[in-house]
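Okay, here's what each chain looks like letter by letter:
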Amino acid sequence: MPPTEATAGPAIPAELAVLRSSIDNIDAALVHILAERFKATLRVGRLKAELDLPPSDPGREERQIARLRGLAHEAGLDPAFAEKFLNFIVAEVIRHHEAIAKGEDPLAP
């Protein structure tokens, strides 16, 4: 049986184990939240394709970046990191919208 975090090396302090468990739960929640976000943006992409709208909306993207930077600042998160994270997500959304506009499956490998 391969070693696991619980069996490999020295014992993990209880506080560290609790913190790691909390991080694991947060990571799971992030994955589910991102999945819900992408379900919504796929619907947006289909609607944009039906209405013959462009896959990207630079004005909205600018407003969202400004809004998220403000929220990040209020939450004590580095606004530059929040912007990078949002830009990463938006780039993927635009890729999905472009695929939908071409009649392709955006989730195909």
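Within every chain, residues take consecutive numbers counted from 1 along the sequence as written. Totals for whole chains, interfaces and linings use every residue, but because this is a predicted model, local features are given only for residues with pLDDT of at least 70 and side-chain atom pairs only at 80 or more, for both listing and counting. Water and hydrogen atoms were dropped before computing side-chain values, which therefore reflect all heavy atoms in the structure.

A.B. asks: I tried to follow the packing of helix 2 (residues 58-75) against helix 3 (residues 79-101) on my own but got confused; where do I start?
C.D. replies: Each pair of packed helices can be summarised by the angle the axes make with each other and by the distance between the axes. Helix axes are fitted to C-alpha atoms over the stretch in contact, other axes to C-alpha atoms as well, and angles between N-to-C directions run from 0 to 180 degrees. Counting from the N terminus, the helices are the DSSP runs of H or I reaching at least four residues and the strands are the DSSP runs of E reaching at least two. Running from N to C, helix 2 and helix 3 cross one another at 145°; their axes reach a closest spacing of 9 Å. Classified by chirality, the crossing of helix 3 by helix 2 is right-handed. Contacts between helix 2 and helix 3 involve E61, Q64, I65, L68, R69, A72 and H73 from the former and P79, A80, A82, E83, L86, N87, V90 and I94 from the latter. Ten residues, namely Ala, Val, Leu, Ile, Met, Phe, Trp, Tyr, Cys and Pro, are considered nonpolar, four, namely Asp, Glu, Lys and Arg, are considered charged, and the remaining ones, Gly among them, are considered polar. For the contact of helix 2 with helix 3, the class distribution of residues is nine nonpolar, three polar and three charged. For a crossing to be left-handed, the near helix must be turned anticlockwise from the far one by less than a right angle; the clockwise case is right-handed. Any pair of residues with heavy atoms lying within 4.5 Å of one another is described as a contacting pair.

A.B. asks: Could you clarify how one ought to interpret a nonpolar patch on the surface in this entry?
C.D. replies: Each patch is built from salt-bridge-free residues with over 30% relative accessible area, joining like charges within 9 Å and nonpolar side chains (Val, Leu, Ile, Met, Phe, Trp, Tyr) within 5 Å. We get accessible surface area from the Shrake-Rupley algorithm with a probe of 1.4 Å; when it comes to residues, only the shown protein chains can shield them. The salt bridge criterion pairs a side-chain nitrogen of Lys or Arg with a carboxyl oxygen of Asp or Glu, the two atoms within 4 Å. On the surface, a nonpolar cluster with roughly 290 Å² of combined accessible area is contributed by L47, L51 and L53. With respect to the helices and strands, L53 occurs in the loop between helix 1 (14-50) and helix 2.

A.B. asks: Whenever I open this one, the packing of aromatic side chains confuses me. Can you help?
C.D. replies: Any two aromatic rings considered together are summarised by their centre-to-centre distance and by the angle between their planes. Two rings belonging to Phe, Tyr or Trp (six-membered ring only in the last case) form a pair when the distance between their centres is within 6.5 Å. Interplanar angles under 30 degrees mark stacking, angles over 60 mark edge-to-face geometry, and anything in between is tilted. For the structure shown, the criterion picks out one aromatic pair. Aromatic side chains F81 and F85 sit 6.2 Å apart centroid to centroid with 15° between the ring planes, which places their arrangement in the stacked category. Within this pair, F81 and its partner F85 are both found in helix 3, separated by four residues, close to a single helical turn. In this scheme, a residue with accessible area under 20% of its type's maximum is buried, one over 50% is exposed, and one in between is partly exposed, where area comes from a 1.4 Å probe on protein chains only. F81 gets classed as partly exposed once you look at its relative accessible area, which sits at 45%.

A.B. asks: Please explain helix 1 as it appears in this structure.
C.D. replies: Residues spaced three or four apart along an α-helix point in a common direction, a consequence of the helix completing one turn every 3.6 residues. To estimate how far a helix should extend, the number of its residues minus one is multiplied by 1.5 Å. Along its 37 residues, helix 1 runs 54 Å from first to last C-alpha, staying within 8% of the 54 Å computed at 1.5 Å per residue. All of the buried residues along helix 1 are F38, T41, L42, G45 and K48. Contacts made by the buried residues of helix 1 are with helix 3. Phi for D52, located one or two positions after helix 1, is positive at around 55°.

A.B. asks: Mind showing me how you'd approach the environment of E92 here?
C.D. replies: Locating E92 in the fold gives a position in helix 3. Taking relative accessible area as the criterion, E92 reaches 29% and is therefore assigned partly exposed.

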